[in-house]
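# Report on the structure
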Amino acid sequence: MKDITPATLLGLVEALADTFEKEESYVNELDSKVGDGECGTNLRKAFRTASDRLNAKPPGDAGGLIEQLGMHLITSAGGTIGLLFGVGIHAAGREVAGTSQLQAADVVRMGDAAVEAIKIRGKAEVGDKTFLDALVPAVTAFSDSVNNGASAEEAFGNAVKAARKGAEATTGMVARRGRASYLGGRSLGHIDPGARALVLALEGVEKHLTGT
Amino acid sequence: MKDITPATLLGLVEALADTFEKEESYVNELDSKVGDGECGTNLRKAFRTASDRLNAKPPGDAGGLIEQLGMHLITSAGGTIGLLFGVGIHAAGREVAGTSQLQAADVVRMGDAAVEAIKIRGKAEVGDKTFLDALVPAVTAFSDSVNNGASAEEAFGNAVKAARKGAEATTGMVARRGRASYLGGRSLGHIDPGARALVLALEGVEKHLTGT
Amino acid sequence: MKKLINDPNNVVQEMLEGFAAAHSGHVRLLGDLNVVVRRDGPVNGKVGLVSGGGSGHEPAHAGYVGAGMLDAACAGDVFASPSVGQILAAIKHVDSGSGVLLIIKNYTGDVLNFELAMDLARENEGVSVDKVIVSDDVSVDPSARTAGRRGIAGTIFIHKIAGARAEAGGTLHDVKASAETALKNLRSMGMALSPCTVPATGKPTFTLPEDEMEIGMGIHGEPGIKRTKIMGADQVAEALLSNITADMPLREGDEVALMTNGLGATPVMELYIMHRAASALLKDMGVAICAGYVGEYMTSLEMSGCSLTVLRLDDGLKSLLFAPSRTPAFVQI
Amino acid sequence: MKKLINDPNNVVQEMLEGFAAAHSGHVRLLGDLNVVVRRDGPVNGKVGLVSGGGSGHEPAHAGYVGAGMLDAACAGDVFASPSVGQILAAIKHVDSGSGVLLIIKNYTGDVLNFELAMDLARENEGVSVDKVIVSDDVSVDPSARTAGRRGIAGTIFIHKIAGARAEAGGTLHDVKASAETALKNLRSMGMALSPCTVPATGKPTFTLPEDEMEIGMGIHGEPGIKRTKIMGADQVAEALLSNITADMPLREGDEVALMTNGLGATPVMELYIMHRAASALLKDMGVAICAGYVGEYMTSLEMSGCSLTVLRLDDGLKSLLFAPSRTPAFVQI
Ligand SMILES: Nc1ncnc2c1ncn2[C@@H]1O[C@H](COP(=O)(O)OP(=O)(O)O)[C@@H](O)[C@H]1O
Ligand SMILES: Nc1ncnc2c1ncn2[C@@H]1O[C@H](COP(=O)(O)OP(=O)(O)O)[C@@H](O)[C@H]1O
Ligand SMILES: [Mg+2]
Ligand SMILES: [Mg+2]
Ligand SMILES: [Mg+2]
Ligand SMILES: [Mg+2]
């Protein structure tokens, strides 16, 4: 795994903006099944704006940069998904504020902080058919892997796998939060777009930080 | 030809209302080619209302009844065609006010009076593609026939034929009055709905008064 | 035909009942005549203003009945002129001795019915009645080859100008003179993206291919001056305004009121985008926009499209335009 | 997709520019933030009122900025909540020291963005901010199984009630209390005949067969409670009102305000026919309608359909509802 330096992170954010540009219509398509069909657009705009703002005035430490990225997403995204990704990223960054060399243990704490912040803001729980259903298993898989002595790279690989599985599982859930909840039982059979988008983001992170 | 008594006339007006009920959608269809597609509806409503009002309080003499019919059409029709038919009928009736036994010579004067009144109100001339292009030849044919010694019945038959020919000829005209005039040259090739409606009315009169 | 109606034959009457229920503070119905009058009318000593026309153009004209605008609005069937009987009743009702001005949109049926009612009111009732005819639609050739230019959304400015003059105590002659000054300075032009359907017939008034629009379309779907591929809002505004200013040249320093009117189904958002474009074009010409009006003032059922109206102002017109009014569809303080 | 627009990505900004041009007497834009504020604001000593939401609901919310209603409206992308940054800027702008109330429609995105802005304004700017969340749409199950009832056209009544209380000098606590009293007495329900198309996607938000309507449809095309064959206006009114009164029983002698709101493409004529039907049903129950509002207050681009809103009134709410207001889309004398 690469060192998580501010420069790496800046590149990562740009890569994520590119990912959501490429996947915009795919994620929109998923959102149109259970929501209003613009989840992909929301993410593309959110990450592009955040990337531009970060590059304009990048903080010097990794923690601060992550926190700042979260705040840019929070303040500029609008909509739901960009803001909630921002809330998680902001909390994660704050958890490691001042740290410039992130260790696997830091990342475990970051994941936990993100999940907690997202739950507080969005009032969703696991099982409500949101991106938490991909994020929570990913965070758990990462920390379990680390606790079992895996390398950061292996652990992250397991996290991505867990996120994929969690996202797939949302297909069998009835939405209880967000726009999809108005559908009631009719949300069954469709994957949650936010969960799928989180998988895309984690895959982007994995690719960028490990080169796979 | 039947005697033109008030009773005959009341029956005639009802018969015309029936005619326009039967022909409503046909005339609407013609109007939809060059106008707003409700000329038939206008006529059906106008004659039905006028017939009801006349029956409620019928004047005692033929002239007065015709004048009254005209006034009912004028005041209650709305739109263009019902009002202008009313203007003509009203002027025709006024021409023979007080007369209870109409002669062929009376009918000649009635026709002239109607044409004049309609031209004054509507500011249209022969050739403008309106029902005047059927009415004017009809009035001329009637008076020519009478002058040539024809019976009232024959003369009216000739009038109807002339009206038919005149109406057909509107197909080759460019409208210069009424809604159709906005079409400019695109009104060419379509018969004028008002002219066709006048033919239907005259045919109704012929059938009712001569039994053919 | 997807419509929120009951019996297609009752739409006008039911609409007016709903209107009277909603605006009972301002207006009431005159019997069952489909005539809407000011609740507090006839106003003693004031010149009475009567307008009306076919229905389907709501809020025109009933929405402009009230203090500072009309005294009565006569509603015909959908897209058909009201009858002489309705107009005559309105004239008789609103006359308080100072005379009555009729504001007529220039369509053959409307002109015939209003003029006949005027003549009957003069002859049989001794009411002093006059008229103005609104023909603001520059998309019609005004020569003798047509029935003349149509009256469209600019009519609302005539209601406002004449209404303010009447409210201020103007005589019939004064009120007509103000209306005529406004008419000379009034031009409009519309366009359509898609047609409307008259409830009673159930058929669209015209058809337009999915990728075309019609420039100059009338408010009953009368033909315009050209069909084109769909253009951007800026280009549409340019097409409409250039026809308006070709007919009424505007000079740097001129002051105008600008109305962007929706035809029924056009999103409010799009009206503002059109208004932006038209405003920018006028500003580029050095023309000052003293008042902007954006919304549905003169509709065509659910037609989609819009019209632009320019009223060139002098000081007199300006003070009449800005005078207060209090009607269901036009409240100004 | 037939639309009067230029670049689909610029619709919100261009719309707001047109809006500011048309209503420059009332409002202005806050930089390039897509935030509309009172021209004469911030008003010294007055509690500031901030609302907003996705665009495409025009005239909501910018049309309600002005004396007696809102101080600022934040416009998000079409059907997407405005951002925290926009809301925060609006809060900071309108605060004159007496605090700020946020009026939020209950959608996940809107609530998240407004609440986050509220927290940041409190923590970082020391502004005293509070909020009310409007959830008037009775077609949503309000249990924990959903994101809760949606905020729809009833929101305009909250703007009016809170705005009047603020204008009258109420404290932040007073203004919130009045808004909450109104919220308790507020219910709405909508229906759709045909969908709208978000400019950026170019696709209809839903599809409905030519002979069907959806009862309970939300203002972004969210699913309602049932699809049925097209019904007459009287039956539609009955379907909507019966759901409203099932949730908020009305008694003989109750007084209400009734709003019949068009979703964008519904002819004004049809709105009045619906209003007639709803008025008649309320009168049959012995309920007095003190105020009727008919028109486009909270649209969904060119969706066709309508919503009914009932606000049950007590004397306090009545005087706040009837207080004067002067905004682009809501003028009352
Ligand atoms: N309360 C919530 N908590 C966490 N995630 C949520 C919540 N509500 C919605 N989401 C996520 O947001 C995604 C939709 O994002 P977006 O399209 O921006 O929302 P919207 O368009 O409804 O505002 C959903 O797929 C879901 O994963
Ligand atoms: N100025 C006119 N003078 C005489 N007849 C006219 C005139 N204008 C129109 N018409 C007749 O009226 C007919 C249309 O009637 P109608 O459908 O009631 O008119 P509209 O719907 O345009 O008001 C035309 O076919 C024509 O015969
Ligand atoms: Mg979405
Ligand atoms: Mg016609
Ligand atoms: Mg007609
Ligand atoms: Mg959204």
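Structure first, text after, so check above.
Right, let's walk through the structure included here. Position numbers for residues count from 1 along each chain, tracking the sequence in the order it is written. To label them, take the chains in the order written and letter them from A, then take the ligands in the order written and number them from 1. It should be noted that, the model being predicted, local features are given only for residues of pLDDT at least 70 and side-chain atom pairs only at 80 or more, the latter also being counted only at that level, while totals for whole chains, interfaces and linings use all residues. Just so you know, side-chain values use all the structure's heavy atoms and leave hydrogens and water out.

Moving on: the pattern of salt bridges. Opposite charge on two side chains lets them pair, provided their charged atoms get close. All names here are of chain C. One speaks of a salt bridge when a side-chain nitrogen belonging to Lys or Arg is within 4 Å of a carboxyl oxygen belonging to Asp or Glu. A complete count under the given rule lists 76 salt bridges over all chains for this structure. The closest approach of N and O atoms between E167 and R38, which form a salt bridge, is 3.3 Å. Taken as a pair, E167 in helix α4 (residues 155–167) and R38 in strand β2 (residues 35–38) lie far apart in primary sequence, 129 residues in all. Counted as one network, the salt bridges with shared partners bring together R38, D40, K46, D71 and E167. By the criteria applied, helices consist of DSSP H or I runs no shorter than four residues and strands consist of E runs no shorter than two, each listed in order from the N terminus.

So, about the interface of chain D and chain C. Working rule for contacts: check all heavy atoms of both residues, and any pair within 4.5 Å makes them a contact. Taken together, the 59 residues of chain D in the interface contact 60 residues of chain C. Throughout, buried area stands for the accessible area (probe radius 1.4 Å) lost by two parts on being put together, summed over both. Interface area, chain D with chain C, both sides summed: about 4,700 Å², of which 64% is carbon and sulfur. Considering only the surface of chain D that becomes buried against chain C, K2, L4 and M269 of chain D emerge as the three largest contributors, covering 20% of it. For the pair chain D and chain C, the interface holds 6 salt bridges. The salt bridge involving K3 of chain D is made with E270 of chain C; its shortest N-O contact spans 3.8 Å.

Okay, the relation of the copies chain D and chain C next. Between the two copies of the chain lies a rotation about an axis combined with a shift along it. Copy-to-copy superposition: least squares on the C-alpha atoms, limited to residues that have pLDDT of at least 70 in both copies. Of the two same-sequence chains, chain D is brought onto chain C (RMSD 0.0 Å, axial shift 0.0 Å) by a rotation of 180 degrees. Such a combination of rotation and displacement between the chain copies is what one expects of a two-fold axis. By C-alpha distance to the rotation axis, the residue of chain D lying nearest is A265 of chain D, at 1.8 Å.

With that settled, the discussion passes to the site of ligand 2. The immediate surroundings of ligand 2 are formed by 19 residues, with D36, N42, T80, G122 and D192 of chain B found nearest. Summary of the distance rule: residues count as near a molecule or strand when at least one heavy atom falls within 4 Å of that molecule or strand. One finds residues of chains B and C in close proximity to ligand 2. The term polar contact refers here to a pair of N or O atoms within 3.5 Å; inside protein, the definition further demands a hydrogen-donor-capable atom paired with an acceptor-capable atom, and it admits residues adjacent in sequence only when both atoms are side-chain atoms. Residue G122 of chain B places a main-chain N or O atom 2.8 Å away from a nitrogen atom belonging to ligand 2. Residue F131 of chain B places a main-chain N or O atom 3.0 Å away from an oxygen atom belonging to ligand 2. The method behind every accessible area is Shrake-Rupley, applied with a 1.4 Å probe, and residues are considered shielded solely by the protein chains displayed. Isolated, ligand 2 exposes 570 Å² of accessible area, and the fraction of that covered by the protein chains is 95%. Elements that contribute at least two residues to the shell around ligand 2 include exactly α3 (39–56), α5 (81–95) and α9 (193–210) of chain B. Here the nonpolar group is Ala, Val, Leu, Ile, Met, Phe, Trp, Tyr, Cys and Pro; Asp, Glu, Lys and Arg are the charged ones; every other residue, Gly included, is treated as polar. When its residues are assigned to classes, the shell around ligand 2 shows 6 nonpolar, 7 polar and 6 charged.

Attention shifts here to the coordination of the magnesium ion (ligand 5). All names here are of chain B. Within the protein, D36 (OD) and E38 (OE) serve as the donor atoms for the magnesium ion (ligand 5), at 2.2 to 2.3 Å. Taken as a pair, the magnesium ion (ligand 5) and the magnesium ion (ligand 4) show a spacing of 3.5 Å, with D36 coordinating each metal. Each member of the pair, D36 as well as E38, is classed as buried. Listed donor atoms are N, O and S within 2.8 Å of the metal (Na, K and Ca: 3.2 Å). As water is not included, a site may look incomplete. Burial status follows relative accessibility: with a 1.4 Å probe on protein chains alone, a residue under 20% of its type maximum counts as buried, one over 50% as exposed, and anything between as partly exposed.

Let us now look at the coordination of the magnesium ion (ligand 3). Residues and elements named next belong to chain A. Note on the magnesium ion (ligand 3): its protein donors are D31 (OD), D36 (OD) and E38 (OE). The metal-donor distances range over 2.0 to 2.3 Å. Along the chain, the residues donating to the magnesium ion (ligand 3) fall in the pattern D-x4-D-x1-E. Between the magnesium ion (ligand 3) and the magnesium ion (ligand 6), a separation of 3.6 Å is found, and both are coordinated by D36. When its relative accessible area of 7% is taken as the criterion, D31 is described as buried.

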